[in-house]
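What follows is each chain in one-letter form.
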Amino acid sequence: MATKNEKIALNQIAELGCIICSEILGIEGGSAAELHHCRRYGAVRATSPILPLCPEHHRGNIGLHGLGVKRFEREYKISCEELLERVSQKLGKDDK
Ligand SMILES: [Zn+2]
Ligand SMILES: [Zn+2]
C-alpha cells in the first residue's frame, strides 16, 4: 500500500537498473531491475532499504536469493548496506 510519492520513489530506484550489473560489473544501461527489500536494515534506515536487481542478480542462481545474502556479499565483495548507499548516491539525494 504505497502512497503516490512512495511509488514515484520506487520507480526511480527501478529505473537505476541493476545495481550489481552497473556498479560491480560495469555494465552500462543494465537490465531492467526488480526491487529487493532488505528487511535487515529496515529498522535502522530512514528510507526504504530497497535494491534494484535484475532477475538474474535477484532470483537467479547468482542472485541474492539464489546464493543467500552472505554468499552474495562474498561473491560480489560488497555488503547490502554498501549497495544501499550506492543506490542513494545514484538517486542523488541525502534522503530525508
Ligand atoms: Zn544484474
Ligand atoms: Zn528479493
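On a predicted model such as this, the values are computed, not experimentally measured, just so you know. (Residues numbered from 1 in each chain as written. Chains lettered and ligands numbered in written order. Predicted model: local features only at pLDDT ≥ 70, side-chain atom pairs only at ≥ 80, totals over all residues. Heavy atoms only, no water.)

### Side note on the coordination of the zinc ion (ligand 2)
Ideal values for angles at a metal depend on the geometry: 109.5 degrees with four tetrahedral donors, 90 or 180 degrees with six octahedral donors. Heads up, the rule is: Coordination partners: N, O, S within 2.8 Å of the metal, 3.2 Å for Na, K and Ca; water not considered, so apparent gaps in a site are possible. Runs of H or I in DSSP of at least four residues are treated as helices and runs of E of at least two as strands, each being numbered from the N terminus.
Listed as protein donors to the zinc ion (ligand 2) are His36 (ND1), His58 (NE2) and His65 (NE2); their distances from the metal cover 2.0 to 2.1 Å. Positions of the donor residues of the zinc ion (ligand 2), expressed as sequence spacing, correspond to H-x21-H-x6-H. Of this pair, histidine 36 sits in strand S1 (residues 34-37) while histidine 58 sits in helix H3 (residues 55-59), placing them 22 residues apart in sequence.

### Remarks on the coordination of the zinc ion (ligand 1)
Operational definition: Four donors are marked tetrahedral only if all angles between them lie between 85 and 135 degrees, whereas four are marked square planar and six octahedral if opposite donors are more than 155 degrees apart and the other angles lie between 65 and 115; the remainder are marked irregular. Relative accessibility under 20% of the residue-type maximum defines a buried residue, over 50% an exposed one, and the middle range a partly exposed one, all with a 1.4 Å probe and only protein chains included.
Around the zinc ion (ligand 1), the protein supplies Cys18 (SG), Cys21 (SG), Cys54 (SG) and His57 (ND1) as donor atoms, at distances of 1.9 to 2.3 Å. In this structure, the zinc ion (ligand 1) is surrounded by four donor atoms whose angles at the metal cover 103 to 114°, and the resulting shape is tetrahedral. Counting the intervening residues between successive donors of the zinc ion (ligand 1) yields the motif C-x2-C-x32-C-x2-H. Of this pair, cysteine 18 sits in the loop between helix H1 (4-15) and helix H2 (19-24) while histidine 57 is found in helix H3, placing the two residues 39 residues apart along the sequence. Classification of histidine 57 by relative accessible area gives buried; the value is 4%.

### A look at unusual backbone geometry
At lysine 77, a position not held by glycine, the phi torsion is positive, near 50°. With respect to the helices, strands and loops of the structure, lysine 77 is situated in the loop between helix H5 (69-76) and helix H6 (80-91). Judged by relative accessible area, which is 73%, lysine 77 ranks as exposed.

### Some details on the nonpolar core
Rules: Think of a nonpolar core as a cluster: buried Ala, Val, Leu, Ile, Met, Phe, Trp, Tyr and Cys residues, connected wherever their side-chain atoms sit within 4.5 Å. Note on contacts: a residue pair is in contact if any heavy atoms of the two residues lie within 4.5 Å.
With 19 residues, the main nonpolar core has Ile19, Ile20, Leu51, Leu53, Phe72 and Leu83 as its most contacted residues. Contributing elements (two or more residues each) for this core: H2, strand S2 (50-53), helix H4 (64-67), H5 and H6. In terms of residue count, H6 provides more of this core than any other element does, four residues in total. The residues contacting leucine 83, other than those within four sequence positions of it, are Ile19, Ile20, Leu51, Phe72 and Ile78.

### Observations concerning the side chain of histidine 36
Note the cut-off: Contacts described as polar in this section are N or O atom pairs within 3.5 Å, which, within protein, must combine one atom able to donate a hydrogen with one able to accept it, while residues neighboring in sequence count only if both atoms come from side chains.
What makes histidine 36 buried here is its relative accessible area of 10%. Among the polar contacts listed, one links the side chain of histidine 36 to the side chain of histidine 58, at a separation of 3.4 Å. Look past the residues within four positions of histidine 36 in its chain and what remains in contact with it is Pro49, Ile50, Leu51, Leu53, His58, Leu64 and His65.

### Let's talk about H6
Rules: The span you would expect from a helix comes to 1.5 Å times its residue count less one. By construction, the arc corresponds to the directions joining the helix axis to the C-beta atoms.
Across its twelve residues, H6 extends 16 Å between first and last C-alpha, which sits within 8% of the 16 Å expected from 1.5 Å per residue. Listed in full, the buried residues belonging to H6 are Cys80, Leu83, Leu84, Val87 and Ser88. Take H6 and look down its axis: the buried residues cluster within an arc of 145°, on one side only. Next to the buried residues of H6 lie H1, H2, S2, H4 and H5. Of the residues flanking the end of H6, it is glycine 92, one or two places downstream, whose phi is positive at about 70°.

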